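One letter stands for each residue in the lines below.
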Amino acid sequence: MSIPVHEALPARRHRGLVGLYGLWQFRDYLMERGAATLIVLGLFSYLSVGEKLSELHYRAEHATAAQIAQAGGAEAWHTAQLQALTSNFLASFLGVVVFVGAVFATQGIVANDRKTGFYRFLFAKPVSPTRYYGQAFVIHWAAFTALVSAMALVYGALVQPILSVPLLMAVAVMFLMYAGIEFLASSMARWDWLSMVAVAVTATYLWGRFGTSPSPVARLVYLLPPLHRTAEVYSAVAQGDALPWHLLAWFGGYGLVCVVAALFVLRYRRLAII
Amino acid sequence: MISFSHVDKHYRGWAQSEVRALTDLSLEVRTGEVFGLAGPNGAGKSTLISLLLGFLGATRGTVLIDGLEPRVYIEANGVGYLSELVNIPPAWRVCDALERYALLAGVPQADLSGRVSSVVEQLGLEEHRRKRVRQLSKGNLQRLGLAQALLCEERVIVLDEPTHGLDPLWTQRFRDIVDGLRAPKRTILIASHNLDELARVADRVAILDHGRLQRIVDVRATRNDVVRGAPYRLVVQLGDDHVKEQFPGARALGGGEHELHGESLESINAGVARLIERGVLVKALFPVHSALEQQFREAVGAGAENGA
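Residues numbered from 1 in each chain as written. Chains lettered and ligands numbered in written order. Predicted model: local features only at pLDDT ≥ 70, side-chain atom pairs only at ≥ 80, totals over all residues. Heavy atoms only, no water.

## Structural notes on the overall build of chain B
Check the secondary structure of chain B and you find 11 helices and 13 strands. Its C-alpha atoms give chain B principal-axis dimensions of about 70 × 50 × 40 Å. In chain B, buried positions account for 54% of the 308 residues. When contacts within chain B are restricted to residue pairs at least 6 apart in sequence, those whose partners lie at least 24 apart make up 67%. On chain B, roughly 13400 Å² of surface is accessible, and the fraction owed to carbon and sulfur atoms is 49%. (Helix = DSSP H or I, 4+ residues; strand = E, 2+ residues; numbered from the N terminus. Buried < 20%, exposed > 50% of the residue type's maximum accessible area, 1.4 Å probe, protein only. Contact = heavy atoms within 4.5 Å. Areas by Shrake-Rupley, 256 points an atom, 1.4 Å probe, with all protein chains shown as cover.)

Below, the structure written as structure tokens:
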């Protein structure tokens, strides 16, 4: 057997430039997930706030002199009304923002590549799935937080400023919890967003039902995040109160454990298995 | 370079029914050779490739690339890989897809556009650069798959059905590309149903059937072998009637073509000489099956018997 002699192959130069590939992952988030998130949340907020703003204008036109005087003048009356509107909006809407954002950002993040076979070309390259998907998760997290900041700025320009560090902290931590659960589900099975919804519903129900039970079996609820208390976080942001840090640590820690577990699964579970 | 040692791969379904995709498979692929993998559908070729890329784990036995577990080797070095189904997100543009894969393959940023342009030109994709993947025809998609496998100078190249969907012109060009890829330190593994293709490009071909390695054919050594008793095709232009007299067992196929069975090469030569003496104008004489095809038929027949 003779083999034609060609030029010697160069020594292996680089591993995959996964860090640079992050720009593509960011672009993918914006095009495929961020746009959808923005449209859904934009419509939802318009429907929630638009009508109430019209109502506010109507009330402003029909407010009595006594009401205005009691509030300390027309400006103060208007500010107080906007404050109340924004508080109600944040308390009711922030949970939806984070939940929908997490579902959109992490839906199929791993499972889609497995299901469609896209992983085959990606991971024939010198790239570790753990690094690739871990980076994708972090980029989606950061991009979602940036998206919420942009939406908050728009809200600020149209209604009243709401962008604050506590708001972003709450959004980032709550996103980490929901998206972490979904990321773990996506690394293991196809039905990731359904799994996340199932965990959310189950956790809310079981914590509400058995959270205060003295039974040792009831302690199993500690395996689930205390989702019956998410309103405490959103209310604190809405009212401008101090954030419940112990609760945020619990939610964030739960999400972080899920992310680490997902990376562990990605390290050891074969990619062709779905 | 690549070794499979006593590898078993069994799948277990929900109903606990076990499918044995590979059984006790041992194989060594040497550095510098082009190695073919042939077998009927379900023989275990795709499973073998998934094991080689670390996308699946073996139930028993070991798979090594350059002495390393496949994922360890690939995450450090990468392999040029074309899968049987070219799975690239349909919304990606051709040039973007190649740029993305080049980054992941470790092509330095400074060389990125040059390297992408080079494979685009090599695979004739210039006019499709701005198209989305979903707009490509089957053949162009296959060429894109091949292009992304050639982005880097990998030491291991794995091509699964590389000429699937290619027209004859590009099938020929593919052979030239493989010839161009041959290098003393490079190992190329090609899985294909197309035995003619493998006979032309491979040095050795492993024949799989029912998840077992049936035999390894040294194609270079057997390329010109004559298999005793193998059928031959005789084509004559004049004197068609004399063929039956000379070869009573010949089967007439029409248009001056006859198939000769069970004849030794000596008797065929002698018979053809007599035909020529009688004024028969012999147009062509060739074996119906290549040596590899003949070996494949025997091996797959044996596999069917073993599997039964």
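## A look at the sheet that holds strand β9 (residues 212–218) of chain B
Residue and element names in this part refer to chain B. Read from one edge of the open sheet, 6 strands run β5-β6-β7-β3-β8-β9, paired in mixed fashion. Strands with a single pairing partner mark the edges of an open sheet, and in this sheet they are β5 (80–82) and β9. When the angles between neighbouring strand axes are averaged without regard to direction, this sheet yields 15 degrees. Here strand β6 (residues 156–160) pairs with strand β7 (residues 187–191) via 5 bridges, running parallel. Across the sheet, the residue bridging to V158 is L189, located in β7. Contacting β5 and β6, helix α5 (residues 138–149) crosses the sheet at an angle of about 165 degrees to β5. (Pairing = 2+ DSSP bridges. Axes fitted to C-alpha atoms, helices over the stretch in contact; angles between N-to-C directions.)

## Notes on the domain arrangement of chain B
By the assigned domains, chain B splits into domain 1 (2–222) and domain 2 (232–288). Taking the mean C-alpha position of each, domain 1 of chain B and domain 2 of chain B sit 42 Å from one another. (Domains from an automatic or database assignment.)

## Comments concerning the nonpolar core
Ranked by internal contacts, the top residues of the largest apolar core, which has 160 residues, are F123(A), F183(A), F4(B), Y81(B), I88(B), L98(B) and I190(B). Apart from the residues within four sequence positions on either side, Y81(B) is in contact with R120(A), F121(A), A124(A), I49(B), L53(B), F55(B), Q148(B), A149(B) and V158(B). Ranked by size, the runner-up nonpolar core spans 11 residues in total, among them L234(B), V243(B), A250(B) and I268(B). (Core = buried A, V, L, I, M, F, W, Y, C linked by side-chain atoms within 4.5 Å.)

## Comments concerning the interface of chain B and chain A
Contact with chain B, which involves 51 residues of that partner, is made by 41 residues of chain A. Buried surface at the junction of chain B and chain A, summed over both partners, amounts to about 4200 Å²; 60% is from carbon and sulfur atoms. When the area that chain B buries against chain A is broken down by residue, the three leading residues are F55(B), R100(B) and L104(B), summing to 19%. Taken together, the connections running from chain B to chain A amount to 2 salt bridges. Between D28(A) and R100(B) there is a salt bridge, with the nearest N and O atoms lying 2.7 Å from each other. Listing elements by their share of the side of chain B that touches chain A, those giving two or more residues are α2 (70–77), β5, α3 (94–105), α5 and α6 (168–181) of chain B. With 7 residues, α3(B) is the largest single contributor of residues to the side of chain B that touches chain A. When its residues are assigned to classes, the side of chain B that touches chain A shows 21 nonpolar, 13 polar and 17 charged. (Buried area = accessible area lost by both parts, 1.4 Å probe. Salt bridge = Lys/Arg side-chain N within 4 Å of Asp/Glu carboxyl O. Nonpolar A, V, L, I, M, F, W, Y, C, P; charged D, E, K, R; others polar.)

## Focus on the packing of helix α7 (residues 165–188) of chain A against helix α9 (residues 230–239) of chain A
Residues and elements named next belong to chain A. The interhelical angle for the contact between α7 and α9, taken along N-to-C directions, is 160 degrees, at an axis separation of 9 Å. It follows from the interaxial angle that α7 and α9 lie roughly antiparallel. In this structure, α7 meets α9 at a crossing whose hand is left-handed. From α7, P166, L167, A170, M174 and Y178 reach across to α9, where they touch T230, V233, Y234 and V237. (Parallel < 35°, antiparallel > 145°, perpendicular 65-115°, else oblique. Left-handed = near helix turned anticlockwise from the far one by under 90°.)

## Section: the confidence of the model for chain B
Taken as a whole, chain B shows an average pLDDT of 87; of its residues, 94% reach a score of 70 or greater. Here helix α11 (residues 291–307) of chain B stands out as the element of chain B with the lowest mean pLDDT, 69, in contrast to α3(B), whose mean of 95 is the highest. (pLDDT = per-residue confidence, 0-100.)

## What to know about the sheet that holds strand β13 (residues 281–287) of chain B
Residue and element names in this part refer to chain B. Ordered in space as β11-β12-β10-β13, the 4 strands form an open sheet in which the pairing is antiparallel. At either end of the open sheet lies a strand with only one pairing partner, and these are β11 (251–254) and β13. Averaged over all pairs of adjacent strands, the angle between their axes in this sheet comes to 25 degrees, without regard to strand direction.

## Describing the layout of surface pockets
Roughly 540 Å³ of volume is contained in the largest pocket. D28(A), E32(A), R33(A), N112(A) and D113(A) are the residues nearest the centre of the largest pocket, which is lined by 26 residues in total. Among the secondary structure elements, those contributing two or more residues to the lining of the largest pocket are α1 (18–62), α4 (111–116) and α6 (129–158) of chain A together with α3 of chain B. With 7 residues, the top contributor of residues to the lining of the largest pocket is α1(A). A class-by-class count of the residues in the lining of the largest pocket yields 15 nonpolar, 6 polar and 5 charged. (1 Å grid on protein atoms, 1.4 Å probe; cavity = no way out; pocket = protein on both sides within 12 Å on 5 of 7 lines; lining within 4 Å. Points joined across faces, edges and corners; volume = space filled by probe spheres on them.)

## Points about helix α4 (residues 112–122) of chain B
All names here are of chain B. Taken together, the buried positions of α4 are L112, V116, V119 and V120. Down the axis of α4, the buried set is contained in an arc of 105 degrees. They therefore lie on one face. In this structure, the buried side of α4 is in contact with α3 and α5. In the stretch just after α4, G124 is the one whose phi turns positive, near 60 degrees. (Arc of directions from axis to C-beta.)

## Thoughts on the packing of α3(B) against α4(B)
Residues and elements named next belong to chain B. The geometry of α3 relative to α4 is characterised by a closest axis approach of 10 Å and an angle of 125 degrees between their N-to-C directions. It follows from the interaxial angle that α3 and α4 lie oblique. Taken as a pair, α3 and α4 cross one another with a handedness that is right-handed. Between α3, through C95, L98, E99, A102 and L103, and α4, the contact on the second element is made entirely by L112, V116, V119 and V120. In terms of residue class, the contact of α3 with α4 is built from 8 nonpolar, no polar and 1 charged.

## Some thoughts on the state of the cysteines
Simply put, the disulfide is a covalent bond whose two ends are the sulfur atoms of two cysteines. Across all of its chains, the model carries 0 disulfides over all chains by this definition. Of all cysteine sulfurs in the structure, the one in C95(B) sits closest to C152(B), which takes part in no disulfide; the separation is 19 Å. (Disulfide = S-S within 2.5 Å.)

## Regarding the packing of aromatic side chains
Scanning all chains against the criterion turns up 20 aromatic pairs over all chains. Ring centres of F137(A) and W141(A) lie 6.4 Å apart, and the angle between their planes is 45 degrees; this geometry places the pair in the tilted category. Of the two residues, F137(A) and W141(A) are both situated in helix α6; the distance of 4 residues between them amounts to about one turn of the helix. Ring centres of W207(A) and W250(A) lie 5.5 Å apart, and the angle between their planes is 80 degrees; on these two criteria the pair is classed as edge-to-face. You can see W207(A) sitting in helix α8 (residues 192–210) and its partner W250(A) sitting in helix α10 (residues 245–268), a full 43 residues away along the chain. With a relative accessible area of 5%, W207(A) lands in the buried category. Under the relative-accessibility criterion, W250(A) is labelled partly exposed at 28%. Put simply, the rings of Y119(A), F121(A), F55(B), Y81(B), W92(B) and Y101(B) pair up and form one aromatic cluster. One Lys or Arg, R267(A), reaches over the ring of Y268(A) and ends 5.3 Å from the middle of that ring. Directly above the ring of W92(B) sits R100(B), whose terminal nitrogen or CZ lies 4.0 Å from the centroid. (Phe/Tyr/Trp six-rings, centres within 6.5 Å; stacked < 30°, edge-to-face > 60°. Lys NZ or Arg CZ within 6 Å of the ring centre and 35° of its normal.)

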